[in-house]
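Overview (structure and organization)
This is what each chain is made of:
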Amino acid sequence: MEKQTINILATGFMPFNNETINPSYEALKRLSQNWDPNKGKLTVIELPVSYEKAPRILIEHIQKLRPDYVIFVGQAGSRQGITPEKIAVNWKEATIKDSEGYTAAGEKIRADGEDGLFTTLPIKEMVQNIKKRKIPASVSYSAGTYVCNTLMYCVLDWIRQNKEFSNIQAGFIHVPYLTEQILDKPGLPSLSLEQITQGLEAAFEVLNRQ
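The present account deals with the structure reproduced in this document. The numbering scheme is per chain: residues are counted from 1 as the chain's sequence reads. Predicted model: local features are reported for residues with pLDDT of at least 70 only, side-chain atom pairs are reported and counted for 80 or more only, and whole-chain, interface and lining totals are derived from all residues. Side-chain calculation: all heavy atoms of the structure are included, whereas hydrogens and water are not.

As for the pattern of salt bridges
The following threshold applies: Any Lys or Arg side-chain nitrogen located within 4 Å of an Asp or Glu carboxyl oxygen qualifies as a salt bridge. Relative accessible area decides the class of each residue, using a 1.4 Å probe on protein chains only: under 20% of the type maximum gives buried, over 50% gives exposed, and in between gives partly exposed. Think of it this way: any DSSP run of H or I at least four residues long counts as a helix, any run of E at least two long counts as a strand, and we number them from the N terminus.
Scanning the entire structure with this criterion turns up 14 salt bridges. Here Arg56 ties to Glu52 by a salt bridge, and the two come within 3.0 Å at their closest N and O atoms. Given the relative accessible area of 38%, Arg56 is considered partly exposed. Taking the shortest distance from any N to any O, the salt bridge between Asp157 and Arg160 comes out at 2.7 Å. Here Asp157 pairs with Arg160, and both are found in helix H4 (residues 147-161), just 3 residues apart, close to one helical turn. We classify Asp157 as buried; its relative accessible area is 3%.

Dropping the structure here:
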């Protein structure tokens, strides 16, 4: 029997916090341009760094595209490598504003929601496959409390509550700064756009093995 091709919806973010580029979207954009259709369908969208808009826009795309996998990618400038996230917590708090000018001072994302929701992606296998390309990677156990974590939590919660979409596997992957972003940030880790793109490609390849 011929194996059914998979349908992946991947999201990156717009630049934020005075940056002019966001490696999450730039890498996904490059990946989509060179994507082998034999590996399945890949749709890439760019989301605003907004606690309210990012989950709403993504859920609208999920309802329209009905993907098998949803992978959110975001920038975490302090990370040494590519880090798939294990869990999203029901909390938002940050010292920087989102794209709507909102600063989360510390509150639950869902008043009556679970304290934490786990990824449904095969993240350990993803990390192993990324490392095979000689790119640093590890499982992360904290997605922070900014928009990245909120997006992951909201979408996992929505999938959990909507049985029609319960077969979707979803989760978050953080990537470091691009090398060009740290020219005025000495000492911070970074990867090239090519490395991040290859790392995400390696992570996505695992989905065809399930």
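Observations regarding the sheet that holds strand E9 (residues 169-175)
The pairing of strands in a sheet comes from backbone hydrogen bonds and takes either a parallel or an antiparallel form. Let me state the cut-off plainly: We call two strands paired when DSSP finds no fewer than two bridges between them. In what follows, residue pairs with any heavy atoms lying within 4.5 Å of each other are defined as contacts. To get an axis, a line is fitted to the C-alpha atoms, and for a helix only the part in contact is used. The angle between two axes follows their N-to-C directions and goes from 0 to 180 degrees.
Read across the sheet, 5 strands follow the order E2-E1-E3-E9-E4 without closing on themselves; strand pairing throughout is mixed. Edge strands, defined here as strands with exactly one partner in the open sheet, are strand E2 (41-47) and strand E4 (83-84). Examined bridge by bridge, strand E1 (residues 7-13) and strand E3 (residues 69-75) share 4 bridges and lie parallel to one another. Bridging from a neighbouring strand, Thr11 pairs with Phe72 of E3. Contacting E1, E2, E3 and E9, H4 crosses the sheet at an angle of about 170° to E9.

Focus on helix H5 (residues 193-205)
Selection rule: In this scheme, a helix's expected span is set at 1.5 Å multiplied by one less than its residue total.
With 13 residues, H5 ought to run about 18 Å at 1.5 Å a step, and its terminal C-alpha atoms sit 18 Å apart, in line with that. Turning to H5, its buried residues are Ile196, Thr197, Gly199, Leu200, Glu201, Ala202, Ala203, Phe204 and Glu205.

Digging into the pairing of E1
The cut-off we apply is this: Viewed with both strands pointing away, a crossover whose connecting path from the first strand over the helix to the second turns clockwise is right-handed.
The element E1 is extensively covered by neighbouring structure, given that 7 of its 7 residues are classed as buried. The alternating pattern of E1 places Asn7, Leu9, Thr11 and Phe13 and Ile8, Ala10 and Gly12 on opposite faces, both of which are buried. Summarising the sheet, E1 and E2 pair through 7 bridges and their orientation is parallel. Among the inter-strand pairings, Ala10 is bridged to a residue of E2, identified as Val44. In this fold, the crossover linking E1 to E2 by way of helix H1 (residues 23-33) has right-handed handedness.

A closer look at the packing of aromatic side chains
As a reminder, the rule being used: Stacked, tilted and edge-to-face are the three classes assigned to paired rings of Phe, Tyr and Trp, where Trp is represented by its six-membered ring and a pair needs centres within 6.5 Å; plane angles under 30 degrees give stacked, over 60 edge-to-face, the rest tilted. Only lysine NZ and arginine CZ atoms are considered, and such an atom sits over a ring when it is within 6 Å of the ring centre and within 35 degrees of the ring normal.
One pass over the structure, following the stated rule, counts 6 aromatic pairs. Both rings, one in Tyr51 and one in Tyr102, keep their centres 5.5 Å apart while their planes meet at 85°; by these two values the pair is edge-to-face. Of the two residues, Tyr51 is situated in the loop between E2 and helix H2 (53-65) and Tyr102 in the loop between strand E6 (92-93) and strand E7 (105-107); the sequence distance between them amounts to 51 residues. Judged by relative accessible area, Tyr102 falls into the partly exposed class, the value being 31%. On the basis of an interplanar angle of 45° and a centroid distance of 6.0 Å, the ring pair of Phe72 and Phe172 is categorised as tilted. One end of the pair, Phe72, is in strand E3; the other, Phe172, is in strand E9, and 100 residues separate them in sequence. Like Phe72, the residue Phe172 is buried in the burial classification. Among the aromatic residues, ring-to-ring pairing joins Phe16, Tyr51, Tyr102 and Tyr146 into one connected group. Against the face of Tyr177 rests Lys185, its NZ or CZ located 5.1 Å from the ring centre.

Considering the packing of H1 against H5
Basically, it comes down to this: Here the word oblique covers every angle except those under 35 degrees (roughly parallel), over 145 (roughly antiparallel) and from 65 to 115 (roughly perpendicular). Crossings are assigned a handedness: left-handed for a near helix turned anticlockwise from the far helix by less than a right angle, right-handed for a clockwise turn.
Packing of H1 against H5 brings their axes to within 9 Å, and their N-to-C directions diverge by 70°. When the axis of H1 is compared with that of H5, the two are roughly perpendicular. Every pair of crossing elements has a handedness; the one defined by H1 and H5 is right-handed. Here H1 contributes Pro23, Glu26, Ala27, Leu28, Arg30 and Leu31 to the contact with H5, which in turn contributes Leu193, Glu194, Ile196, Thr197, Leu200, Glu201 and Phe204.

Comments concerning the packing of H2 against H4
A pair of packed helices can be characterised by two numbers: the angle between their axes and the separation between those axes. To keep it simple, the criterion reads: Note that Gly is not counted as nonpolar here; it falls among the polar residues with everything else outside the nonpolar set of Ala, Val, Leu, Ile, Met, Phe, Trp, Tyr, Cys and Pro and the charged set of Asp, Glu, Lys and Arg.
In contact at an axis separation of 9 Å, H2 and H4 are set at 40° when each is read in the N-to-C sense. Here H2 lies oblique to H4, going by the angle between them. Both H2 and H4 take part in a crossing whose hand is right-handed. On H4, the residues touching Ala54, Pro55, Leu58, Ile59, Ile62 and Gln63 of H2 are Val147, Leu151, Cys154, Val155 and Trp158. Grouping the amino acids of the contact of H2 with H4 by side-chain chemistry returns 10 nonpolar, 1 polar and no charged.

Any functional reading would require information beyond the geometric quantities listed.
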